[in-house]
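Fold and geometry: a report
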Amino acid sequence: MSKFLVFYDNRAIIYHSNNKRGFKKKLTIENWKELQPYIALADYHEYNSNAMTLLMWSNRYEAYFETYEHFALVYTKMPHHEPVWLMPYCALPYRKEALEMLAKRSEQLHIAFEVHSMTKEFKDWLIKEYPQAFLIWDCYNARDYVYDRMQQQTLSGKKMQKRRNHFHAFEKLYEGRYYYKPLAREDIPHVMAFLKRWKETKKEEEYETIDAEIIGIELLFQYWEQLPVEGGCIYIDNQLEAFSITSRLAEDMVQIHVEKANRAYRGLYIAILKCYLETLPDTIRYLNREDDMGLPELRKAKSDMQPIYKIQKFGSCHQALKIHQADAHWKDAVMQLWETSFADETKASSQYYFTHFYHEEDTWLLTSQQELISMLQLRPMDISLYGKKERVYFVVGVATQKAYEGCGYMKQLLHSVLQKEPYASANFILLQAYEWEIYKSSGFVETYMCKRWKLDKQAYLQDEEKGKLTTQFTISALVDIYQTYTKDKEGYRIRDKDYFIQQFLPYADLWQQTLYVYEEDQQPCGYLLIEEHEQDVEVIECAYTTPKVFTNMLSHLAQTTKKVYLRTSVEEDVIGKGKLMTVMMVKQLHKPSLPLEHLYINETI
């Protein structure tokens, strides 16, 4: 057992280290240099991969390490928690060797085989090298905020306007009363006096974390000249009112460990950072200000500083993942994920879908033990292509549990399932999405397009209206209109009476949409599926037998006092403002290719 002594608020606090787990070394002031070369080889750029961070917080998060020929392993332990591993520190070629040793040591030391504070690059490597072997989650609150050093130093540009104004106000108010200097040993008593005053402004429930930080600061101060730390401070009227402690996280990046200022002085936080950055060499391009710990005020403050990017962090545990078809056991979990993932779903629409369209054999899951991680459904659908019926598969219900979003699970699931029959033999896989971009890396291309128009109502007002719109119709009439409308189109869904009875009309009712059939001389020759809102009317789908019928239908729409929007095929000619929109993505697996012209589809489920 070892112990070390620190002083804070004139109290002597003894910290005991009892490494019952059998790991060789607790990270200390005396041995951190043994770990540093391995950290440098890894070059992770995230703030936990910094020996100074580990040392500063060692009173709260004890860190233990072992070094080997090619790598070092580190685990950290916070009070009342089991230890967790950090990423192995080594060059890329030795990661697998390091991870295998980490697995072995986990078993020997009875430590969970979990790796935390992983960067996206490490997470992607882990998935590639050990597919379906780790459960991974996004640690959203642990993302590092990274800034452009020169932007924060010069405060130039439109984005820095507010910060620039605050800094100029500080200079004007305190000109001749303040000075900046590099933080040195003679400033330490003044820093500690400042921290005591600063703590008094905080809530009592924050004291535990504050005390741990202050003890860490005291430890760095105790060995200030021996450690690669630096910083700066500002005195106003000869009293220290701001200071920072920093270290180099990489050759081109500096990390702010501590930055505190008296908020009574406008612009002081900006001044202490700007003044410090002005002392750095030109090789430093980036500034890492660590995470926001999920605190709304801190998140806003860090976001207002205009980070150029954030370093994503992930956690993982060695836990086998399984890709399989759904069965009755998983239905409730699938329904729950469906309802929580799609904001536009209602209880009624969800219930209707799972009663009439959900099939276990079409549903694929990625699970870990008894937890549903991700899901999708591949529903068969027949389209018309080059005059023939073509069986394709339509991806619907794509969802991942929120805690696991951004971890690559949907890509894993899609990639695995599309290699299975009958999907692998299909020529095309179709997909609709809220965010098209995320599926491009899986080979999906934005293929089916439509135009959304804002109708120029004045252009369609007629002296004499033709025909009429009615909500009375037969299913046969809908089928005939649709078939006539699509006869010169390609790639459209083949619809029959059952489609309109079981899907089209029930969903229109569920979404409070109204279907109007247009008649001339008592003959149905077009229809409009309309969703009416307070300020506008949206035509979700329209079909007609001739272009003249379409014009006459639009003249009826022009009578409303509301704005009129409608979606048409890209070849429709409408007077108004039109915008191209994606309707469906396609992943082509085999030939033939979809035609570039006359392509049309309008499926939303």
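Check the entry above for the structure.
Read on for a plain summary of the structure. If you're wondering where the values come from, they're calculated on a predicted model, not measured in any experiment.

A few points about the nonpolar core
Of all hydrophobic cores here, the largest spans 93 residues; its most connected members are Y89 and F243. Excluding residues that lie within four positions of it along the chain, Y89 makes contacts with L35, Y38, I39, A42, Y44, N48, S49, H70, F71, A72 and V74. One finds Y460, Y485, I530 and V574 within the second-largest nonpolar core, a separate group that totals 37 residues.

Focus on the sheet that holds strand β18 (residues 321-325)
Spatial ordering of the open sheet is given by β18-β19-β20-β21-β22-β29-β23-β28-β27-β26-β25-β24, a layout of twelve strands whose pairing is mixed. Of all the strands in the sheet, the pair left with one neighbour each is β18 and β24 (468-470). Averaged over all neighbouring strand pairs, the angle between strand axes comes to 30°, with direction disregarded. In this structure, β24 lies alongside strand β25 (residues 514-520), joined through three bridges in antiparallel fashion. What sits directly across from K468, in β25, is E519.

Points about helix α1 (residues 32-42)
Turning to α1, its buried residues are W32, L35, Y38, I39 and A42. Seen from one end, α1 has its buried residues packed into an arc of 125°, which puts them on one side. Among the exposed residues of α1, those pointing more than 90 degrees away from its buried face are K33 and L41. Where α1 is buried, its residues contact α2 (51-56), β4 (62-67), β5 (71-77) and β7 (89-90).

Topic: the packing of aromatic side chains
Under the criterion given, the structure shown has 40 aromatic pairs. Summarising the aromatic geometry, the rings of Y44 and Y89 are spaced 5.9 Å apart at their centres and angled 45° between planes, so their arrangement reads as tilted. One end of the pair, Y44, is in the loop between α1 and α2; the other, Y89, is in strand β7, and 45 residues separate them in sequence. When sorted by exposure, Y44 lands in the same class as Y89, which is buried. Residues Y174 and Y265 carry aromatic rings whose centres are separated by 5.2 Å and whose planes lie at 70° to one another, so their mutual orientation is edge-to-face. Here Y265 lies in the loop between β14 (253-261) and α9 (268-277) and Y174 lies in helix α6 (residues 161-174), a separation of 91 residues in the sequence. Of the residues examined, Y265 reaches a relative accessible area of 17% and is grouped as buried. Just above the ring of Y130 sits the side chain of K96; from NZ or CZ to the centre is 5.5 Å. Here R452 stacks its cationic end above the ring of Y565, 4.3 Å away from the centre of that ring.

Details of the sheet that holds strand β12 (residues 229-236)
Paired through backbone hydrogen bonds, the strands of a sheet run either parallel or antiparallel to each other. The strand order β11-β12-β13-β14-β15-β10-β16 describes an open sheet built from seven strands, whose pairing is mixed. In the strand order of this sheet, the two ends are held by β11 (178-182) and β16 (309-311), each with one partner. Adjacent strand axes in the sheet meet at a mean angle of 30°, parallel and antiparallel pairs treated alike. Here strand β13 (residues 239-250) runs beside β14; their pairing, made up of eight bridges, is antiparallel. What sits directly across from R248, in β14, is V254.

Re a negative patch on the surface
Taken together, the side chains of E204, E205, E206 and E297 define an acidic patch exposed on the protein surface. Position of E205 relative to the elements: it lies in the loop between α7 (188-199) and α8 (207-222).

Here's the deal with the side chain of S384
For S384, the position within the fold is in strand β20 (residues 371-385). Under the relative-accessibility criterion, S384 is labelled buried at 10%. If we ignore the near neighbours within four places in the chain, the residues touching S384 are E490, G491, Y492 and I494.

What about the packing of helix α11 (residues 331-341) against helix α12 (residues 347-356)?
Where α11 meets α12, the closest approach of the two axes is 11 Å, and the angle between their N-to-C directions is 140°. The angle between α11 and α12 falls in the class oblique. Relative to α12, α11 is oriented so that their crossing is right-handed. Across the interface between the two elements, K331, V334, M335, W338 and E339 of α11 pack against K347, S350, Q351, Y353 and F354 of α12. When grouped by side-chain class, the residues that make up the contact of α11 with α12 number five nonpolar, two polar and three charged.

Thoughts on the pairing of strand β19 (residues 363-368)
In terms of burial, β19 is largely enclosed, as six of its six residues are buried. Every second residue of β19 is oriented toward a common face, with T363, L365 and T367 on one face and W364, L366 and S368 on the other, all of them buried. Pairing analysis gives six bridges linking β19 to β20, with the strands arranged antiparallel. For L366, the partnering residue across the bridge sits in β20 and is S374.

Points about the pattern of salt bridges
Throughout the structure, instances matching the rule amount to 33 salt bridges. The shortest N-O distance in the salt bridge between E538 and R452 comes to 2.8 Å. Separated by 86 residues along the polypeptide, E538 in strand β27 (residues 536-544) and R452 in strand β23 (residues 445-455) bring together distant segments of the chain. On the basis of relative accessible area, R452 is assigned to the partly exposed category, the value being 26%. A salt bridge links D488 to K489; the shortest N-O distance between them is 3.5 Å. Looking at K489, the relative accessible area reads 10%, which means it is buried. One continuous salt-bridge network, built from bridges that share partners, spans R493, R495, E541 and E603.

Cut-offs and rules
Numbering of residues starts from 1 in each chain and follows the order in which that chain's sequence is written. For this predicted model, a pLDDT threshold of at least 70 governs which residues receive local features, and a threshold of 80 or more governs which side-chain atom pairs are given and counted, while totals over whole chains, interfaces and linings are taken from all residues. The side-chain values count all of the structure's non-hydrogen atoms but skip hydrogen atoms and water molecules. The criterion is simple. A nonpolar core is a set of buried Ala, Val, Leu, Ile, Met, Phe, Trp, Tyr and Cys residues joined through side-chain atoms within 4.5 Å. Burial status follows relative accessibility: with a 1.4 Å probe on protein chains alone, a residue under 20% of its type maximum counts as buried, one over 50% as exposed, and anything between as partly exposed. Pairs of residues are marked as contacts when any of their non-hydrogen atoms sit within 4.5 Å. A pair of strands is considered paired only if DSSP assigns at least 2 bridges between the two. Only DSSP runs of H or I covering at least 4 residues are called helices, and only runs of E covering at least 2 are called strands; the numbering of each starts at the N terminus. Here an axis means a line fitted to C-alpha atoms, over the contact stretch when the element is a helix, while the angle between two N-to-C directions is reported on a 0 to 180 degree scale. Arc definition: directions from the helix axis to the C-beta atoms. A pair of aromatic rings is counted whenever rings of Phe, Tyr or Trp (Trp by its six-membered ring) have centres within 6.5 Å, and the orientation is called stacked for planes under 30 degrees apart, edge-to-face for over 60 and tilted otherwise. Put simply, a charge is over a ring when the Lys NZ or the Arg CZ is close to the ring centre, within 6 Å, and near the line of the ring normal, within 35 degrees. A patch consists of residues exposed above 30% relative accessible area that lack any salt bridge, with like charges linked at up to 9 Å and nonpolar side chains (Val, Leu, Ile, Met, Phe, Trp, Tyr) linked at up to 5 Å. Where accessible areas are quoted, they stem from the Shrake-Rupley method and a 1.4 Å probe; at the residue level, only the protein chains shown are allowed to cover. Here a salt bridge means any side-chain nitrogen of Lys or Arg lying within 4 Å of a carboxyl oxygen belonging to Asp or Glu. Counted as positive: Lys and Arg. Counted as negative: Asp and Glu, with His and the chain ends omitted from the count. Taken as the charge location is NZ of Lys, CZ of Arg, CG of Asp or CD of Glu. Should an angle lie under 35 degrees it is considered roughly parallel, over 145 roughly antiparallel, and from 65 to 115 roughly perpendicular; all remaining angles are considered oblique. In this scheme the handedness of a crossing depends on how the near helix is turned from the far one: anticlockwise by less than a right angle means left-handed, clockwise means right-handed. Each residue receives one of three labels: charged for Asp, Glu, Lys and Arg, nonpolar for Ala, Val, Leu, Ile, Met, Phe, Trp, Tyr, Cys and Pro, and polar for the others, Gly being one of them.

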